[in-house]
Amino acid sequence: MNNIIIESMAFTLPLFIIAIGGIFCEGSGVINLALEGLLGMGAFFGGLIVAAFTSTFIDSQSTLVYISLFSAMVGGALFAMLYALIVLKFQANQVISGVVINMLSVSLTAFLTNQLNISLFNQSSNKFMLFVFPRVTVPFISKIPVLGAFFTDVYVFEFIIVVVASFMAYLLYKTPFGMRLRACGDNPHSVAAAGKNVTRIRFIAILISGAMSGLGGICFAYSISTNFSPSIYVGYGYLAIAAYIFGNWKISNTLLACLIFGFARSIGYFMIQKLSLPSSYSDLVLTFPYVLTLILLLFFSKSNRAPRALGEIYDKGKR
Amino acid sequence: MNNNFVELKNISKVFPNIVANDDVSIEVKQGEIYAILGENGAGKSTLMSILFGLYEPTSGSIYIKGEKVKITSPLDANKLHIGMVHQHFKLVDNQSVAENIILGIEPIKKKFGIFPKVDIENANKDVALLSKKYHLDVNPTDLIQDVAVSTRQRVEILKMLYRNAELLIFDEPTAVLTPQEIESLLDIIKSLRDSGKTIIIITHKLDEIKKIADRCAILRKGKLIDVLDVAKSTTKEMASLMVGHDISLQIKKDDKPFGETVLDVEKINTFNKDGVQTLKDVSFSVKKGQILAVAGVSGNGQVEIADAIAGLLKTSSGSILLNGKNINNLSIRERLEEGISYIPEDRHNVGLLLDFTLSENLCLKQYYKEPYCSKHGVLNFKKFDEISNILIDNYDIRCGEEKAKTIVRSMSGGNQQKAIIAREIHSNSDLIIFVQPTRGLDVGAIEIIHKRIAELRNAGKAILLISLELDEIMSLADTILVIYGGEVQTIKDAKDLTKERVGEYMMGVHKSC
């Protein structure tokens, strides 16, 4: 039981922070299918920084892991700028642009990983090795039965995510910026009439979604495989989209959705171990969270309400 | 020192292909209600958008309180204390009334001394105070999506007042309101003036100008025609200046007796999706050559009558006979083929496919039949255009240079309505249902449509007219049916009823059947 909780939290929180990025972007009225590509590109940047620093001047591992988190956010945000350029400046179709960003990210990171490994580090590999991320167990609290598992063997990044997520929730729901951002998603003309720049707000929202996806992406890379490789692209970005749609574009509900997905996944793994299934069946069990997604969306899609101006290209002249 | 709040001097605005404003100069005095009157497309909205900073004038200059200013964005306008209520409200549906009002200039308080936070408690208080001060009744914590149109408009007004606007611009403020709401809005506007605000109101409704405005500028095709002192002018004068020729709202009807019964509605009942009864035992009949007008306050079941006849709404009991045949169980298309034409209230969502061409829209009722469609299911667009060009000429539909290929969205409201009417009349049905046929149209277009309706009547069609405009009903109807709360209050010969009497029935004061 404890293992299920520990495992699922390590999966839930990165998924949650990616979904928060999506909520910012879609909350401002821009469809974001590019989360998958953004998280991969963020993880790539984080991995690259780790690889570059370890082979040049060996820094202390512990600072380097935090630098990698930060650079993943920067990397994600930089790549998100490309998306922003396409959909805000050139007003391209947001669905297609998002998918293109995803495909571009997959092939671009694969190519760059190979080339950089050869040219910089003189090795032929399609991954960047990462360190094992430090885990901590909170004294005393972790002794509480069941609940204590949430504080046992916790990756430090999980705490970071909780702090960042709280800050993002505050930003979105309590500050003037958040209020305007949500207004942009409902009726951008109201924001323009109030004398604010819709495009700038949406630009920032897209950057935030890139930074959050990058953070989530590198955390996945640490917790799942301790390296960056193209295997990071297994659809967690899409799962994050499902999470916030299921969460009705609200941060609190989305956390709930992410928890459900996280637990579904851990329970799936747990079942494979318990039943000692042949590996061919393990793949089937791993479809669990996705099947669950489909079922949940069937039930909840009706009552959910997307931001009213979602996907609408903002045109000043139109009234 | 004069007391002009705004002076627009020699303003011109040229869009590609069109001159929207041509050398317009107006002066608005501090503390007056200044109306700008013109047909659709006369350049009223453009002129005000220039004053509000949404457009930049091609030439000309703006003076506020005697000082030359440059207004390049709504932000500049706000700083100069100019506010505007747009025809289409700019509100965020899923935020509260107060949040909408403070958007962009939110009051801030620091949480723990460092984290800035929108001070919504204070905003709620301020909005409540403001709404009390100006008698604009709103609840600051209501979500916009839950409040009525008239409340939304009050929110827009409060938005301006919260920004300390001194000059308030209203763009067609009454277009979306019911008669009662219009009355109360006009009172609000008057009391705003009395508290010292300067007001510009864009409209094409003459009686409203007569009621509240001090002066009235008339625009026609982008040019300033005249500025009138409202108290010294008649609506007739204003109307003819606005349209450019004399207007006669007199309807010519012949005195032929009615023919045989076309539509016979007997005791129909309908329910809405919440299970509330919307029509209770409604019965009436319409004969050839008769205009039966349904009068009532909006939302009392008029639209349900039309929808039930056209088949958009299922009746739970009762029967509808068309030329003696029960059409209760027929599909919508079958009913139309039986001889019903329907001009719906919502021409944008129900009447037209806005992003389709005019010819496609004109053929919407026949496209599936030969010769528009071959036996093998291939559409014949040449035929579409052929018939469309005839209709465009016959009904004087003014469209762009592409003629039948014009995208309907780009046409003016009046011409869109003419297109619908052309399509519906062309199918030569016995019964024609008009729902709010002149809503949002200017006097010129209304004149044309009223004449058309009278012609149809004289040609022996049965006409069911549903309208919220009492004047329209009084001038067109042969017989008037008044509905209140889903029940028929009275059905009488129009000659036996006065406007006031109909108004009383509309309030449910009397009942006589």
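The structure this text deals with has already been given above.
Just so it is clear, the structure is predicted and the values come from calculations on it, not from any experiment. (Residues numbered from 1 in each chain as written. Chains lettered and ligands numbered in written order. Predicted model: local features only at pLDDT ≥ 70, side-chain atom pairs only at ≥ 80, totals over all residues. Heavy atoms only, no water.)

J.: How would you explain the pattern of salt bridges if you had to name every residue and give the values?
T.: Counted by the stated rule, this structure contains 30 salt bridges over all chains. In this structure, A:R308 engages B:D93 in a salt bridge whose closest nitrogen and oxygen atoms are separated by 3.4 Å. Of this pair, A:R308 sits in the segment after α12 (288-300) while B:D93 is found in the loop between β6 (82-85) and α3 (97-102), placing the two residues in two different chains. Of the residues examined, B:D93 reaches a relative accessible area of 13% and is grouped as buried. (Salt bridge = Lys/Arg side-chain N within 4 Å of Asp/Glu carboxyl O. Helix = DSSP H or I, 4+ residues; strand = E, 2+ residues; numbered from the N terminus. Buried < 20%, exposed > 50% of the residue type's maximum accessible area, 1.4 Å probe, protein only.)

J.: Before we move on, could you go through the sheet that holds strand β15 (residues 291-295) of chain B and cite the residues and values that matter?
T.: Residue and element names in this part refer to chain B. The strand order across the open sheet formed by 6 strands is β18-β19-β20-β15-β21-β22, and the pairing between neighbours is mixed. Either end of the sheet is taken by a strand with one partner, and the two such strands are β18 (340-343) and β22 (487-493). Averaged over all pairs of adjacent strands, the angle between their axes in this sheet comes to 15°, without regard to strand direction. Note: strand β19 (residues 431-435) against strand β20 (residues 462-466), 5 bridges, orientation parallel. Looking at the pairing, F434 lines up with L465 of β20. On top of the sheet, helix α10 (residues 332-339) reaches β18 and β19; it is set at about 110° to β18, its chief contact. Where helix α14 (residues 413-426) meets the sheet, it contacts β18 and β19, and its direction lies at approximately 175° from that of β18. (Pairing = 2+ DSSP bridges. Axes fitted to C-alpha atoms, helices over the stretch in contact; angles between N-to-C directions. Contact = heavy atoms within 4.5 Å.)

J.: For the interface of chain B and chain A, give the residues involved together with the corresponding values.
T.: Listed by partner, the interface residues are 25 residues for chain B and 21 residues for chain A. Summing both sides of the interface, chain B and chain A together bury roughly 2,100 Å²; the carbon and sulfur share of this comes to 56%. On the chain B side of the interface with chain A, the three residues burying the most area are B:K90, B:Q95 and B:L103, jointly 24% of the side's total. Joining chain B to chain A, the criterion identifies 2 salt bridges. Linking A:R180 and B:E106 is a salt bridge whose minimum nitrogen-to-oxygen distance equals 2.5 Å. Between chain B and chain A we count 10 residue pairs in polar contact (both at pLDDT 80 or more) in total. The set of elements that each furnish at least two residues to the side of chain B that touches chain A consists of α2 (74-79), α3 and β8 (115-118) of chain B. In terms of residue count, β8(B) provides more of the side of chain B that touches chain A than any other element does, 4 residues in total. (Buried area = accessible area lost by both parts, 1.4 Å probe. Polar contact = N/O pair within 3.5 Å; in protein donor to acceptor, adjacent residues only side chain to side chain.)

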